[in-house]
Structure formats: structure tokens, C-alpha cells
Amino acid sequence: MEEMEEELKCPVCGSFYREPIILPCSHNLCQACARNILVQTPESESPQSRRASGSGVSDYDYLDLDKMSLYSEADSGYGSYGGFASAPTTPCQKSPNGVRVFPPAMPPPPTHLSPALAPVPRNSCITCPQCHRSLILDDRGLRGFPKNRVLEGVIDRYQQSKAAALKCQLCEKAPKEATVMCEQCDVFYCDPCRLRCHPPRGPLAKHRLVPPAQGRVSRRLSPRKVSTCTDHELENHSMYCVQCKMPVCYQCLEEGKHSSHEVKALGAMWKLHKNQLSQALNGLSDRAKEAKEFLVQLRNMVQQIQENSVEFEACLVAQCDALIDALNRRKAQLLARVNKEHEHKLKVVRDQISHCTVKLRQTTGLMEYCLEVIKENDPSGFLQISDALIRRVHLTEDQWGKGTLTPRMTTDFDLSLDNSPLLQSIHQLDFVQVKASSPVPATPILQLEECCTHNNSATLSWKQPPLSTVPADGYILELDDGSGGQFREVYVGKETMCTVDGLHFNSTYNARVKAFNKTGVSPYSKTLVLQTSEVAWFAFDPGSAHSDIIFSNDNLTVTCSSYDDRVVLGKTGFSKGVHYWELTIDRYDNHPDPAFGVARMDVMKDVMLGKDDKAWAITEGGISKGATIGVLLDLNRKTLTFFINDEQQGPIAFENVEGMFFPAVSLNRNVQVTLHTGLPVPDFYSSRASIA
């Protein structure tokens, strides 16, 4: 209720409406406030002059706002008519709501009537303080505007609802709070007074007791004031003019301006407009509900911003500390290099000092010795050693030659720290403005009714949730290895259906899918468990067979058009599990030499099976028409076994069989065979394998 209070206040005085009137623009004003903002217009703009010139057809003519302005665009505090020398400028004031209030152009004449009923100046104009639409009043003045009785009733109920709690009307001293109200007695009772004065028996038993709040509402529902016609004050409204959108009386229909207009019953239009207002309120209520949810979201955002700010500051401090730590570590490394260079220079200089000191001592000793020899007066003795001394002096002098007295190391450090890139990087260190990205797609939903397996293939279908608004750029389908191992990607693309071939027979696979867009990937869907076929159903493959092979019986029967042996493979390859299939001899002429077994996909197709290292086969010349050849491929034990007419041919034909193998046959035109698949492993072999 408190939010409604602003709707019940006059935009001029800022108080609750008193005797509100309805302007043609559908806004409301207190009758006294409307009189206060009247402005007198020039004579040439009066309704009479307009009707005389034939330019006006309505009792209320809106002014041309391009030619006339009742308020100043700048906040100067004055409103004036432009273009009329006779129209004096009228100072204006501001209401509590910030709306300019124009006082009358001249003091009203003395009158004994109330301000609301006092006559208005001739040629007055009023401007709506909310939409700023202006209109010139006719001779009726403010009485020409209908009174808003509904608004008066709403204000009255609102003010009563703000009053204090209801008290018992029968308590003698301190009235207690009322607990019920009798609608028939129209009295509020507390519990003691109700039991004493209004017992639930006798004639009072039929009275209806209601809660005080409900009783207060029923009290407010006093007889409705009947609004009267503004043109015929003694007549009540009885019809509704559809064209003018206003209630009218019967005299307006007979002699007024509404006589030629379409009218409808007042009660019917009242109900219709109430329904329209209720429907409009439903939409507005939805918007208000959304606004409340939005406010909750904004408040949550405030808290989230605060939490994110603390987290971001901590992250920033950690990043800067990491940079400082890295700089300190690099500083220690560089100082270590400087110390190393320092020690190296000192060592070189000290070595040179030591070497030069020893040499200088030797030179000084030689010089002193030579000086003593020169002092000798014995020519023969001197000449005996003079040559040797001269050579030693020259040799010692040569040892002090070029470079000997030059320092081997400079005092300057040749290292220069290049810190300009780092300083530039520090100056450029800044935040990267990340654009607000759209959220990731919603989790896809696997469509179980469309997911299936066939043989060793699996078909999966998925879709986005129905209410998802974030588009997906594509999907990633993942399957495990059929043994509960790691998932691997088997499809990446935009399609929502995928068939995966080449799975292991009699294996259980787990499948899941996720969506992705530029922002990221969605969570995985629920995991779907897929079971491949226990036995293999397949036919011969025309796509990989030799061109001389002839197919029939849905590619289950083959023969050849050539006398040379040609190879044909089955459509399904095996790399895991135990598989068994049979071939029957439909035609066997002139003792041909067919071969039966398994082969790699790249086996030679124009020679007998087994002639290269890509095939493992049996050739049996003792078979005849009608014979049945069984092939048992056990990839778990890595063995290949053959049967003829249900009898095993030897213990095991081949061992250490690993990889991907396809059923294979080589034959010529004298042989025709038919393939039989989907067969279980022979019982005796299954029991033998379980024992082993």
C-alpha cells in the first residue's frame, strides 16, 4: 500500500488530492491547485474568438506548443507567452514536486464563494504539470472538468487503512483491541465484551461475525456517490459515449453534442473496462514480479562484486608478489655473476702482482751482482764471466719486454645490465579489459528413444534443453574403450546425431556428450550405457573385393568370373573377443582349391589367400559340394581354428594372431560359397576355454 501513496498525491501541492478533477489528458489535479495554476490568455486566443472564426470545434482547445510556451525551458523561474505584446510575463513558483505553479494573472475579485467554486478569469488557460499539455477553458471554467470520485474513494480508504488499530466499542475504561465485528450490529467487540454483550444464542446467533480488518473494509463500502453530468448538473450519468470516451446523461444524447455518437450502457462499459484494467494489471504484475527478482539479482550482484573484489585484490597482490620474488631471484643471480667477475679480476691482478714481484726481485739481484762485478780490478777474472753476465742481462731485459708491464685486467666491469625491456614491461603492466562473454551452452540431453546399437555400431542422438537460450557452436561425443577405461573423443561437430562404427562385439560402452561455444564447454550429459551385439552379423564387402567377384543373396553368396583365384573380405573386422562363422559349398567343380580364413584389409586380392603375409587360411582339397567350413577366431587367446562339417581340423591352425582381421575367402569360377553369420561359439570350445 505504501508504494501507492505517490499515485494519490497532487503534482502541484504534493499532498493527497482534495476534490480532484480529471483533465482531458487523463491526469488529475486538486480543484484548488488547478485554480492556482490558471493563466489568462490573450483575447485573440479565447474560445469565443476561435468559434467566431470557425477554427475551433471543441470546448477545450489545446494550444499550439510550437507557437506558445507556458513554461521556460531554462530554469529561470518565469513563464511567459511568446509573440504577444499584450500578454505580460507572469512569475511562477515551484510546487513540492518540482512543478512550476503559475499564479493568476490578476488578483481575483472579492467573493463569498469557496476558492474552488469562485469564477475564473475570462480566457483562462491551464497547463497539465505532468505532460505539459495546455488547454483554454470555456465559460464553465473548472466546473467543466469531471470530478474523480473513484480517486476520492481510494484516498479515503488508504487514509483509513493508515489509522490506528481498531478498539472495542463497548469497553468502559481502557478500550481493548477488537477481535471481531458484527456486520448486523455494526459494532467492534473484544472477546470479553462479545461474550457478555453478544452471546452466540437466541436472535444474535444468526449475526455474522467477521475479523476487524474485514469489518473495517465493509464499513468503508458506503453508498457510492453518484457522479453528475458536467453539462447538465442535475442529471446523473446513464450511458457511455464510445467516441468521446466519457460518461454522458440522457440530455446529452437528446440535445447535446453526443446525440450522433455511438453510446453503450454505462454498466456494461464499466464491467468491460474493469476487465481490461484487470488484464492490463496482470501484465504489469508480471513485470513487477520480474522487477523484484531483478532487484534480488542486483543485490546478489552487490555481494558478489564485493567478494570478487576481495578475491581479485588478493590475486593481484599474489601476482605482484610473484613478480617481486622473480625479480629478487634474478637479482641474486646477477649479483652472483658480479661477484664471480670480481673474484676473477682480483685473482688475475694478484697473480700478476706475485709474478711481477718475483721477477723484479730476480732482476734487482742480478743488477746488484753485476755492479759488484764491475767493481773488480782483475781483468782476467772479469772477462771470464762478463760474456755470461751480458747475456743474462739482455735475456732479463727481453723478459721485461712489451706487455710484461701492462695490466692483464682492467679495473672496469664490462657487464652492463640491460633493464630497459623490464622497465618498459613494468610501465606497460596493466589490466586487460575482458569483454563480457556469453555463458557456456546448457548441458545437452541424450535422446534415449533414438539411441541404439547394431552389431558393433552405436548410434547416438542428443539435443539442447527446450528452454536453453545460449546457442552451441558444436558438440563433443566421447566413448570409453568398452572395458571401463578412459573416455576418448569420437566425434566433434555441429550435428546432433552420430554413428560410431568399429566397436568391439559383446562389449559395454559408456557414452557422454557436451556442447561448446566461444566461451567454453558445457558440463557433460548423463552417461549412457550401450551394449554391442553378442555375435556378429555381417555379409561380404563388395567395396573391397576383387572386380571378378560376383555377389548374390544380399552379398551372402559369392562366386567368381575368372579361373584365377580372387579374394573377397567380410564387411566387419574383429580385434577383440571370440567370433565364429561358417561357409557352405554351393558349387564345387573340377576340384578347385578355395581357401578360407582371415586377412588384413590390405591383403592382395588377385592371388590365393595365404600367398602373402597378410592372410591366415586353410586350403582343403578333400571338401565337396555341401560341405560346411567353420572359422573360429579367438582374439582373447590369439588363436585361429578351422572346422569341416563340425569336426576340428587339427589342434590350432595359427597362434599369436593379433590386430584387426576380416573374414576372407579366395575362390575361382568353379566354386560358389554362402556365408552364415550370427552363430554362437561351438559348445565344446566354450567349455574347453572355460576350463583353460
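Everything numeric in this text was worked out from a predicted model, so none of it was measured.

(A) Spatial organisation of a nonpolar patch on the surface. A surface patch of nonpolar side chains, amounting to about 450 Å² of accessible area, comprises Phe-294, Leu-295, Leu-298, Met-301 and Ile-305. Position of Leu-295 among the secondary structure elements: in helix α7 (residues 266–374).

(B) Structural context of the pairing of strand β27 (residues 566–569). Burial along β27 is two-sided: Arg-566 and Val-568 facing one way and Val-567 and Leu-569 facing the other are all buried. The pairing of β27 with strand β35 (residues 662–667) spans four bridges and is classified as antiparallel. Following the sheet pairing, Leu-569 is matched in β35 by Ala-664.

(C) Local environment of the packing of aromatic side chains. In the structure shown here, the tally under the stated rule is nine aromatic pairs. Ring-pair connections join several aromatic residues into one group, and the members of that group are Phe-505, Phe-538, Phe-574 and Trp-581. The cationic tip of Lys-345 hangs over the ring face of Phe-413; the distance from NZ or CZ to the ring centre is 5.7 Å. If you follow Arg-512 out to its NZ or CZ, it ends over the ring of Phe-487, 3.9 Å from the centre.

(D) Structural context of helix α8 (residues 379–399). Look at α8: 29 Å from first C-alpha to last across 21 residues, which is about the 30 Å you get at 1.5 Å a residue. Considering bend angle alone, the principal kink of α8 is centred on Ser-386 and spans about 40°. Those residues of α8 not exposed but buried are Ser-386, Leu-389 and Thr-396. Here the buried face of α8 lies against α7.

(E) The sheet that holds strand β16 (residues 263–265), seen in detail. Reading across the sheet, the three strands line up as β15-β14-β16 and stay open at both edges, with antiparallel pairing between neighbours. Of all the strands in the sheet, just β15 (246–248) and β16 have a single pairing partner and so form its edges. The mean inter-strand angle of the sheet, taken between neighbouring strand axes irrespective of direction, is 40°. Where strand β14 (residues 239–241) and β15 come together, three bridges link them in antiparallel fashion. When the bridges of β15 are listed, Met-239 appears paired with Val-248. Running over the sheet, α7 touches β14, β15 and β16 and is turned about 85° from β16.

(F) How the structure looks around the pattern of salt bridges. Going through the model one piece at a time under the given rule, you end up with 13 salt bridges. Here Asp-351 makes a salt bridge to Lys-347, at a shortest N to O gap of 3.2 Å. Of the two residues, Asp-351 and Lys-347 are both situated in helix α7; the distance of four residues between them amounts to about one turn of the helix. Among the residues examined, Lys-347 registers a relative accessible area of 53% and is labelled exposed. Ionic contacts of the salt-bridge type, sharing partners, join the residues Asp-548, Asp-564 and Arg-566 into one network.

Quick notes on the rules
- Per chain, residues are indexed from 1 in the order of the written sequence.
- Predicted model: local features are reported for residues with pLDDT of at least 70 only, side-chain atom pairs are reported and counted for 80 or more only, and whole-chain, interface and lining totals are derived from all residues.
- Only heavy atoms go into the side-chain values, all of them from the structure, while hydrogens and water stay out.
- Two distance rules govern patches: like charges are joined within 9 Å, and nonpolar side chains (Val, Leu, Ile, Met, Phe, Trp, Tyr) within 5 Å, applied only to residues with over 30% relative accessible area and no salt bridge.
- Computed with the Shrake-Rupley method and a 1.4 Å probe, the accessible areas treat only the protein chains shown as cover for residues.
- Think of a salt bridge as a Lys or Arg side-chain nitrogen and an Asp or Glu carboxyl oxygen that are within 4 Å of each other.
- Helical segments are the DSSP runs of H or I of at least four residues, strand segments are the runs of E of at least two, and each set is numbered from the N terminus.
- With a 1.4 Å probe rolled over the protein chains alone, any residue whose accessible area is under 20% of its type maximum counts as buried; one over 50% counts as exposed, and the rest are partly exposed.
- Here the rule is simple: two strands pair whenever DSSP picks up at least two bridges between them.
- For Phe, Tyr and Trp, where Trp contributes only its six-membered ring, two rings pair if their centres lie within 6.5 Å, and the inter-plane angle classes them as stacked under 30 degrees, edge-to-face over 60, or tilted in between.
- Placement of a charge over a ring requires the Lys NZ or Arg CZ to be within 6 Å of the ring centre, with the centre-to-atom vector within 35 degrees of the ring normal.
- A helix is expected to reach a length of 1.5 Å times the quantity of its residues less one.
- Note that bend, as reported per residue, equals the angle between axes fitted to the 7 residues terminating at that residue and the 7 residues originating from it.
- Contact between two residues is taken to exist if any of their heavy atoms lie within 4.5 Å; hydrogens are not considered.
- Fitting a line to C-alpha atoms yields each axis, with helices limited to the stretch in contact; the angle taken between N-to-C directions then spans 0 to 180 degrees.

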